[in-house]
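What follows is each chain in one-letter form.
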Amino acid sequence: MPDSQIGSNTHETGPATAGPVFVLGSASPARLRVLRAAGVEPVVRVSDVDEDALLEQLPPATPADAVVAELARAKAEAVAALPEIAGAAENGETVVVIGCDSMLHLDDRLLGKPHTPERALAQWAEMRGRNADLLTGHHLIRLDPDGGSTSATGTSSTTIHFTDADDDVVARYVDSGEPLQVAGAFTLDGLGGWLVERIEGDPSSVIGIGLPLVQRLLTEVGLSVTDFWRH
């Protein structure tokens, strides 16, 4: 098979490939780091999905795991529909697109990115000293040269036990800016790791993309994770 025909601009593109193309439909540097550390060099393309608008359209009784799965599906489908991505499949490449979305499930509420220091402080006032479930929805789409497509969906759940951090530590953490643009107002692989006592489940899914789940979804669409290893 020829080298990938999906663009060649900046960080948004992985290296040329002689096998299936893996497309990460996310701007998250953390998700990209997880995949690279696991031997996958993805093409990165970002969807223009309006998450807030989509959330408003979902029925109020939608289960938490279905909410993040639906957001992931919308992102994956938006990226798969990009002319560059769809065109690569039409021109002879097998393309896999994955979309992900993470939210923290606490007290029957879903907490996303706080965006502001005030909201981050309010979330941490509820979170510290307690445990909550970090849910990450995954939606994977396989596009084939014959025009066919196959998809698979799943949600990973990891229980996070937070330390009972004091006010000064929480304030310093929020002042760092790190928790403002991440689901649940914390990271596992950054400063937020100091505020996590332990987890029960898959660490990679907490960072944003669950490797065990991705492997299962690839199997469901007839592929192996080894098809994408760069070495």
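The name recorded for the protein in an unreviewed UniProt entry is Nucleoside triphosphate pyrophosphatase, from Gordonia amicalis. The record held by UniProt for the protein lists under Function (unreviewed entry) the comment "Nucleoside triphosphate pyrophosphatase. May have a dual role in cell division arrest and in preventing the incorporation of modified nucleotides into cellular nucleic acids." We quote the UniProt Sequence similarities (unreviewed entry) comment for the protein here in full: "Belongs to the Maf family."

K.L.:
Mind showing me how you'd approach unusual backbone geometry here?
P.N.:
Note on backbone geometry: most residues besides glycine have negative phi, and most peptide bonds are trans. Not every positive phi belongs to a glycine, and aspartate 108 is a case in point at roughly 65°. For aspartate 108, the position within the fold is in the loop between strand E3 (95-106) and strand E4 (109-111). One non-glycine residue, histidine 115, lies in positive phi territory at about 70°. Relative to the helices and strands, histidine 115 resides in the loop between E4 and helix H5 (117-127). Given the relative accessible area of 43%, histidine 115 is considered partly exposed.

K.L.:
I tried to follow helix H3 (residues 64-80) on my own but got confused; where do I start?
P.N.:
Because an α-helix packs 3.6 residues into every turn, residues spaced three or four apart end up facing the same way. The terminal C-alpha atoms of H3, which comprises 17 residues, lie 25 Å apart, in line with the 24 Å expected from a rise of 1.5 Å per residue. Those residues of H3 lying buried are Ala64, Val67, Val68, Ala69, Leu71, Ala72, Ala74, Lys75, Ala76, Val79 and Ala80.

About the cut-offs
Residues numbered from 1 in each chain as written. Predicted model: local features only at pLDDT ≥ 70, side-chain atom pairs only at ≥ 80, totals over all residues. Heavy atoms only, no water. UniProt positions renumbered as here; feature names shortened; annotations may be inferred. Helix = DSSP H or I, 4+ residues; strand = E, 2+ residues; numbered from the N terminus. Buried < 20%, exposed > 50% of the residue type's maximum accessible area, 1.4 Å probe, protein only. Expected span 1.5 Å × (residues − 1).

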